[in-house]
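What follows is the residue order along each chain.
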Amino acid sequence: MRLDKFLKVMTLIKRRTVANEMADEGFVKLNGRVAKPSAQLKIGDILEIDSWNMYKRIEICALPEKGSVAKQDVDKYIKLLEYKAKEDVF
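What you see is a predicted model; the values in this text were computed from it and never measured. (Residues numbered from 1 in each chain as written. Predicted model: local features only at pLDDT ≥ 70, side-chain atom pairs only at ≥ 80, totals over all residues. Heavy atoms only, no water.)

For strand E4 (residues 54-60), a buried count of five out of seven residues is recorded, marking the element as mostly surrounded by other parts of the structure. Across five bridges, the pairing between strand E3 (residues 46-50) and E4 is antiparallel. Its bridge partner being in E4, Ile-49 is matched across the sheet by Lys-56. Here E4 pairs with strand E5 (residues 78-85) via seven bridges, running antiparallel. Within E5, the position partnered with Met-54 by the bridge is Ala-85. (Buried < 20%, exposed > 50% of the residue type's maximum accessible area, 1.4 Å probe, protein only. Helix = DSSP H or I, 4+ residues; strand = E, 2+ residues; numbered from the N terminus. Pairing = 2+ DSSP bridges.)

Laid out in structure tokens, this is it:
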């Protein structure tokens, strides 16, 4: 599954276009390297999402077969390894 679609399906990012932009601008890493939106994911990959308000490090446990996943089932597909909320700089 493509990185941008995975981020959208897992509700890590609300829209696929936003996932594309974040990956293009270097805010998403796959196994320690900046990832393109079209990168193909596999089980065991580590995703890092570093946005303006939070940092998440996630392990992929499974890939969905269909195009959508219920919110209560997201934990079957990803494992949150690290989460940091960033404080406002204002």
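Picking up after the structure, the text goes on.
A word on the side chain of Glu-48. Mapped onto the elements of the fold, Glu-48 is located in strand E3. The buried charged residue Glu-48 lacks any salt bridge partner; its closest oppositely charged side chain belongs to Arg-57, at an N-O distance of 4.9 Å. Only 2.6 Å separates the side chain of Glu-48 from the side chain of Tyr-55, close enough to count as a polar contact. Beyond its immediate chain neighbours, meaning those up to four positions away, Glu-48 contacts Phe-27, Val-28, Lys-29, Gly-32, Tyr-55, Lys-56 and Arg-57. (Lys, Arg positive; Asp, Glu negative; His and termini not counted. Salt bridge = Lys/Arg side-chain N within 4 Å of Asp/Glu carboxyl O. Polar contact = N/O pair within 3.5 Å; in protein donor to acceptor, adjacent residues only side chain to side chain. Contact = heavy atoms within 4.5 Å.)

Its place among the elements puts Ile-58 in strand E4. Separated by 20 residues in the primary sequence, Ile-58 and Ile-78 have C-alpha atoms spaced 6.5 Å apart.

Attention shifts here to the environment of Glu-65. Counting through the fold element by element, Glu-65 comes out in the loop between E4 and E5. As for Glu-65 and Ile-46, which are separated by 19 residues in sequence, their C-alpha atoms are 19 Å apart.

By size, the foremost hydrophobic cluster in this structure holds 24 residues, and its most contacted members are Leu-3, Leu-7, Met-10, Leu-47 and Ile-78. Elements supplying a minimum of two residues to this core: helix H1 (3-9), helix H2 (16-24), strand E1 (28-30), E3 and E4. If you tally residues by element for this core, the top one is H1, at four residues. Here Leu-47 is in contact with Leu-3, Phe-6, Leu-7, Val-28, Lys-29, Leu-30, Leu-41, Lys-56, Arg-57, Ile-58 and Ile-60, once residues within four sequence places are set aside. (Core = buried A, V, L, I, M, F, W, Y, C linked by side-chain atoms within 4.5 Å.)

Spatially, five strands are ordered E2-E1-E3-E4-E5 in an open sheet, and the strand pairing comes out antiparallel. Among the strands making up the open sheet, the edge pair consists of strand E2 (33-34) and E5. Here E1 pairs with E2 via two bridges, running antiparallel. Paired with Leu-30 across the bridge in E2 is Arg-33.

Further remarks concern the pattern of salt bridges. This model, assessed by the stated rule, comprises six salt bridges. With a closest N to O distance of 3.4 Å, Lys-76 and Asp-73 form a salt bridge. Relative accessible area serves as the criterion here: at 57%, Lys-76 is assigned to the exposed category. Taking relative accessible area as the criterion, Asp-73 reaches 25% and is therefore assigned partly exposed. Between Glu-82 and Lys-84 there is a salt bridge, with its nearest N and O atoms 3.3 Å apart. Looking at Glu-82, the relative accessible area reads 26%, which means it is partly exposed.

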